[in-house]
Amino acid sequence: MRVVLLVLFVFIVFGCKGEKKSLKYSREIAQNWTFKQADTDEWLPASIPGTVHTDLLINKKIEDPYYRDNEKKLQWIDKKDWEYSTTFNVTADILNKDKVQLDFKGLDTYADIYLNDKQIASTNNMFREWQIDCKEYLKAGENRLQVYLHSPINTDLPKLEALGYALPASNDQSENGGLGNKRVSPFARKAPYHYGWDWGPRFVTSGVWRPVYLQAWDKARIVDVYFRQDKLNLEKAELTAQVELDILNAGKYTIKISDQKNSIDVLHQLDEMEPGNQTVEIPILINNPRLWWPNGMGEAYLYNFDVRLIDNNSILDTREISIGIRTLELVREADKNGKSFYFKINNKPVFSKGANYIPNDVFLPRVSPGKYEYVIKSAADANMNMLRVWGGGIYENDIFYDLCDKYGIMVWQDFMFACSMYPGDDAFLENVRQEAIQNVQRLRNHPSIALWCGNNEIDVAWAHDLPVGWGWKEQYDEKTRAYIWNSYDTLFHKILPAVIDENDPARTYWPSSPLAEWGERASYSSTSGDMHYWGVWHGKERFDQFKVKKARFMSEFGFQSFPELETVKKYTAAEDRESITTDVMNAHQRSGIGNERIREYLSWYYKMPSSFEDMLYMSQVLQAEGMKIGFESHRQAKPYCMGTLYWQINDCWPVASWSGMDYYGRWKALHYFAKKAFENILVAATVDNDSLKVYIVSDEYTPVNAKLSLVLMDFDGTEFNNQQIDVEIPVNSSKVHFSEIVKDFLKGNSKENVVLSLSLIQDDKKLTENVFYFDEVKDLDLPKVSPKLSVSSDDNGYRVEISSEQLAKNVYLSIPGSIGQFSDNYFDLLPGETKVVYFSGYAANRTFSAEDINFKTVRDTY
């Protein structure tokens, strides 16, 4: 039932005086948990939230799953059932409440729940929250709660057998799990990456992975609060607070909504409310609203509302909800090139800069609030304004979205489906529908959510009615093929968009990524929709193809590298580091072509390093320099291309992968390069048909007048061409501001001996800078350098000053045993230049000098 309140807008109202503390009882059940393998009698201490694997590790029953090749020794765990048990006390006061529930925020995945030896529920979806009425099963004093976790493998194998044919699941590493070709992941509503991926291990976890609460209340409670934005301009924001209530006792209630910081205090009396679920709509008017902006465009301002349900001055229930006021739309308009695909926020087009995001660990409860903040802040520090929550992971914890709200990071949110076809029976589809409703309602207040996307790469893989794709549909007869497609069509073209229309209608639903149009498969020649371009890496195309394959919105592209030596040491023994192709190094490379593909690409552009450590370093240089071409090409193609999201920002375990930060949070060269490439103003050079072209790209919304400095020099600093050009940079633009035949610009100098320094200068301040080489690095005559380093400290941390009389290519600074990172790294130090970087964090002994810093360049690997 929906009750619409026709009331005047209220700004400051004196609330109920003498409000009492909330009468709702809520207690996390996190203590005294034990667990055991179901077919044994040995009970061990357990941590909740947690997983079976981490509890076994804490109890020293298994070795570190991430060390060496321990993964393959631990595949027995997912074939077993597990039991968890705890006791908790309940008072008579709680039992006297009108209603008592157990609230499981997340169970992974097939669980039977027992309270005082009576089964009260069964669950079958990792992504759902389970609220269970339990008053009749409780008793005063000690109560026993048990969770019986069924093996996800043994639960789903019969489903595969009953179906009679296998569903495509390209990344399910069933062979590693000892199942041969029996891929059961499509049947489980569970994080797909737990079954393995081409960057992740196979650990099919079970556990109570999110908190458990005992809750009790009288009369009524708040079920949900949704702040719907109805109208927005510079003068006012008109909102409607949709408050869903669970009324147990008929009566008159009061709802109070306040934001003390902004002097908003709205009090509404409710007439006689009948028992049952009812939704109340309360209008709120905010004058001169402060807007939420993405990173780089302005302040990500948040309003913090306190919502209270009151009965006779007693607070029955409360909710605290932060919102951002903004307009956000996906603009898809026909133009001369096809159809646009970009986000417009507060009526301003946004070039989306960022990355794809995967879970930070295979064992999800290990991800701390600090780790979440580190990753999101690292994205913001790298000038990103968007992350894509990829569909093979999880709907993230609330803290992830809170931090994206705080740092101005827009979120492209996939539903949790990736690289598989799925069952189409009624029970499975209804399970998914409930999953979608819960998560959309949970996340819809976040201003950071920009888009809902149905799945990752399924449309392009199946390619319905087309003679292309990944070869999936060709495995089936016509009848089976039609049934599998109908299941897909029902889920992604009917159920999920209907959930969005009903629960979050202001946001766009996009059925699959990549996709050209609804019903039109994406390709590398698509002129609409979004693109995943993997010609570089999987297709063995050269990095220059990034300049050719330009999308309207590039939502995936990437290249791999190894993590740095300090990280590799975490998962290897000394003998594993003899080469990049030892058994353990291969075990931590899940793309079968990976290590050799890195080596092959490296031979195209660089001289091959001889040592293992140098190979790690050069792989990162290769990745970063190659991806730089992609970043710059996408931004230069603005407004045709309006987004570049690379694969991927983070790792879920220590591994060679496409990530910009490794599992331990160490920034790779890629992340440093992304930081530079994503600055609001970019100056970049390229050669096109023997002409040197210099682009200036601006994401600013005010015009910029500056001086473009072009200095051609040799590696000793001798200048051959120095041009200073006054430029007017239009708002939100990409434009060629300089062009000249390469031969003329070089003035008779050899390509292998010169570097072009580019910078934009305004009022003697350098706005941005870049470098450009006219030949492959392997053909450059790089000098061996002896840099000068000095270390001091100031308010910003440790100040490191570096200079060199000759060019130093891709300077890599490191401090063995340190915790922290440099403000810049893997940079090119021009001859005669002095560069200052800061080290944040601390070294092992908390102080360090220049002698403690390792300095490496490309030339040092020869």
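Computed from a predicted structure; not experimentally measured. (Residues numbered from 1 in each chain as written. Predicted model: local features only at pLDDT ≥ 70, side-chain atom pairs only at ≥ 80, totals over all residues. Heavy atoms only, no water.)

K.L.:
Give me the lowdown on the packing of helix H11 (residues 594-605) against helix H12 (residues 612-636), citing residues and values where you can.
P.N.:
Between H11 and H12, the shortest axis-to-axis distance is 10 Å and the interhelical angle comes to 70°. Classed by the angle they form, the pair H11 and H12 counts as roughly perpendicular. Contacts from Ile-598, Arg-599, Tyr-601, Leu-602 and Tyr-605 of H11 reach H12 at Met-615, Met-618, Ser-619 and Leu-622. Here the residues of the contact of H11 with H12 sort into seven nonpolar, one polar and one charged. (Axes fitted to C-alpha atoms, helices over the stretch in contact; angles between N-to-C directions. Helix = DSSP H or I, 4+ residues; strand = E, 2+ residues; numbered from the N terminus. Parallel < 35°, antiparallel > 145°, perpendicular 65-115°, else oblique. Contact = heavy atoms within 4.5 Å. Nonpolar A, V, L, I, M, F, W, Y, C, P; charged D, E, K, R; others polar.)

K.L.:
Run through the sheet that holds strand S9 (residues 130-133), naming residues and quoting values.
P.N.:
If you walk across this open sheet you meet the four strands as S2-S13-S6-S9, and the pairing is antiparallel. For this open sheet the edge positions go to strand S2 (25-28) and S9, each flanked by a neighbour on one side alone. Neighbour-to-neighbour, the strand axes of this sheet turn through a mean angle of 20°, independent of strand direction. Strand direction decides the pairing type here: S2 and strand S13 (residues 212-217), joined by four bridges, are antiparallel. The residue of S13 that forms the bridge with Arg-27 is Leu-214. (Pairing = 2+ DSSP bridges.)

K.L.:
Kindly report on the packing of aromatic side chains, identifying the contributing residues and their values.
P.N.:
All told, the structure shown has 64 aromatic pairs when counted by the stated rule. Relative to Trp-658, the ring of Trp-537 lies with its centre 5.7 Å away and its plane at 75°, an arrangement referred to as edge-to-face. Residue Trp-537 is located in the loop between strand S31 (531-532) and strand S32 (554-556), and its partner Trp-658 is located in the loop between strand S33 (643-646) and helix H13 (669-677); the two are separated by 121 residues in the primary sequence. On the basis of an interplanar angle of 35° and a centroid distance of 6.5 Å, the ring pair of Phe-745 and Phe-774 is categorised as tilted. Of the two residues, Phe-745 is situated in helix H14 (residues 742-746) and Phe-774 in the loop between strand S40 (765-772) and strand S41 (788-794); the sequence distance between them amounts to 29 residues. Neither Phe-745 nor Phe-774 differs from the other in exposure class; each is buried. Directly above the ring of Tyr-640 sits Arg-552, whose terminal nitrogen or CZ lies 4.2 Å from the centroid. A cation sits over an aromatic face here: Lys-856 above Tyr-617, 6.0 Å from the ring centre. (Phe/Tyr/Trp six-rings, centres within 6.5 Å; stacked < 30°, edge-to-face > 60°. Buried < 20%, exposed > 50% of the residue type's maximum accessible area, 1.4 Å probe, protein only. Lys NZ or Arg CZ within 6 Å of the ring centre and 35° of its normal.)

K.L.:
Which residues make up the confidence of the model for the protein, and what are the values?
P.N.:
Taken over all residues, the pLDDT of the protein has a mean of 95, while the share at 70 or more is 97%. Every residue in residues 1-17 scores below 50 in pLDDT, and together they form 43 contacts with partners more than four places removed in sequence or on other chains. (pLDDT = per-residue confidence, 0-100.)

K.L.:
Account for the state of the cysteines, naming residues and giving values.
P.N.:
Under the defined criterion, the tally for this structure stands at zero disulfides. Note on Cys-419: no disulfide assigned, nearest cysteine sulfur contributed by Cys-453 at a separation of 12 Å. With a relative accessible area of 3%, Cys-419 lands in the buried category. (Disulfide = S-S within 2.5 Å.)

K.L.:
Before we move on, could you go through helix H5 (residues 398-407) and cite the residues and values that matter?
P.N.:
Taken as a whole, H5 has its buried residues at Phe-400, Tyr-401, Leu-403, Cys-404, Asp-405 and Tyr-407. Looking at the buried side of H5, the elements it contacts are strand S26 (352-357), helix H4 (369-381), strand S27 (386-389), strand S28 (410-414), helix H6 (426-443) and strand S29 (449-453). Once H5 finishes, Gly-408 follows within two positions and takes phi at roughly 75°, a positive value.

K.L.:
Please provide a residue-by-residue account of the packing of H4 against H5, values included.
P.N.:
To describe two helices that pack against each other, one gives the angle between their axes and the distance between the axes. Taken N-terminus to C-terminus, the directions of H4 and H5 make an angle of 35°; their axes are 10 Å apart at the nearest point. The hand of the H4/H5 crossing is right-handed. For the pair formed by H4 and H5, the contact residues are Pro-369, Tyr-372, Glu-373, Ile-376, Lys-377 and Ala-380 on the first element and Ile-399, Phe-400, Leu-403, Cys-404, Lys-406 and Tyr-407 on the second. Looking at the contact of H4 with H5 residue by residue, the classes come out as nine nonpolar, no polar and three charged. (Left-handed = near helix turned anticlockwise from the far one by under 90°.)

K.L.:
Requested: an account of the pairing of S29, with residues and values cited.
P.N.:
Summarising burial for S29: five of the five residues are buried, a large majority. Strand direction decides the pairing type here: S28 and S29, joined by four bridges, are parallel. Residue pairing for S29: Asp-414 is matched across the bridge by Cys-453. Crossover connection from S28 via H6 to parallel S29: handedness right-handed. Sheet topology places S29 next to strand S30 (residues 508-510); three bridges connect them, and they run parallel. Bridge pairing links Trp-452 to Tyr-509 in S30. (Right-handed = clockwise from strand over helix to strand, strands pointing away.)

K.L.:
Run through the pattern of salt bridges, naming residues and quoting values.
P.N.:
Going through the model one piece at a time under the given rule, you end up with 60 salt bridges. Close ionic contact of Arg-228 with Asp-230 constitutes a salt bridge, the shortest N to O distance being 2.7 Å. Judged by relative accessible area, which is 41%, Asp-230 ranks as partly exposed. Each of Lys-353, Arg-635, Lys-638 and Asp-699 takes part in one network of salt bridges that share partners. (Salt bridge = Lys/Arg side-chain N within 4 Å of Asp/Glu carboxyl O.)

K.L.:
Please provide a residue-by-residue account of the nonpolar core, values included.
P.N.:
Membership of the largest hydrophobic core comes to 195 residues, with the highest contact counts inside it found for Phe-104, Leu-145, Leu-387, Phe-400, Phe-415 and Tyr-646. Element by element, the count of residues in this core is highest for H12, at ten residues. Residues Val-225, Val-243, Met-273 and Leu-330 belong to the second largest nonpolar core, which totals 51 residues. (Core = buried A, V, L, I, M, F, W, Y, C linked by side-chain atoms within 4.5 Å.)

K.L.:
Let's hear about unusual backbone geometry: which residues, and what values?
P.N.:
Residues Asp-108 and Thr-109 are joined by a peptide bond in cis, for which omega reads -10°. Counting through the fold element by element, Thr-109 comes out in the loop between strand S6 (99-104) and strand S7 (110-115). Backbone geometry at Asn-346 places phi at a positive 50°, although glycine is not the residue there. By secondary structure assignment, the location of Asn-346 is in the loop between strand S24 (342-345) and strand S25 (348-350). The phi angle at Asp-764 is positive, at roughly 65°, despite the residue not being glycine. With respect to the helices, strands and loops of the structure, Asp-764 is situated in the loop between strand S39 (754-762) and S40. Overall, Asp-764 belongs to the exposed group, its relative accessible area being 80%.

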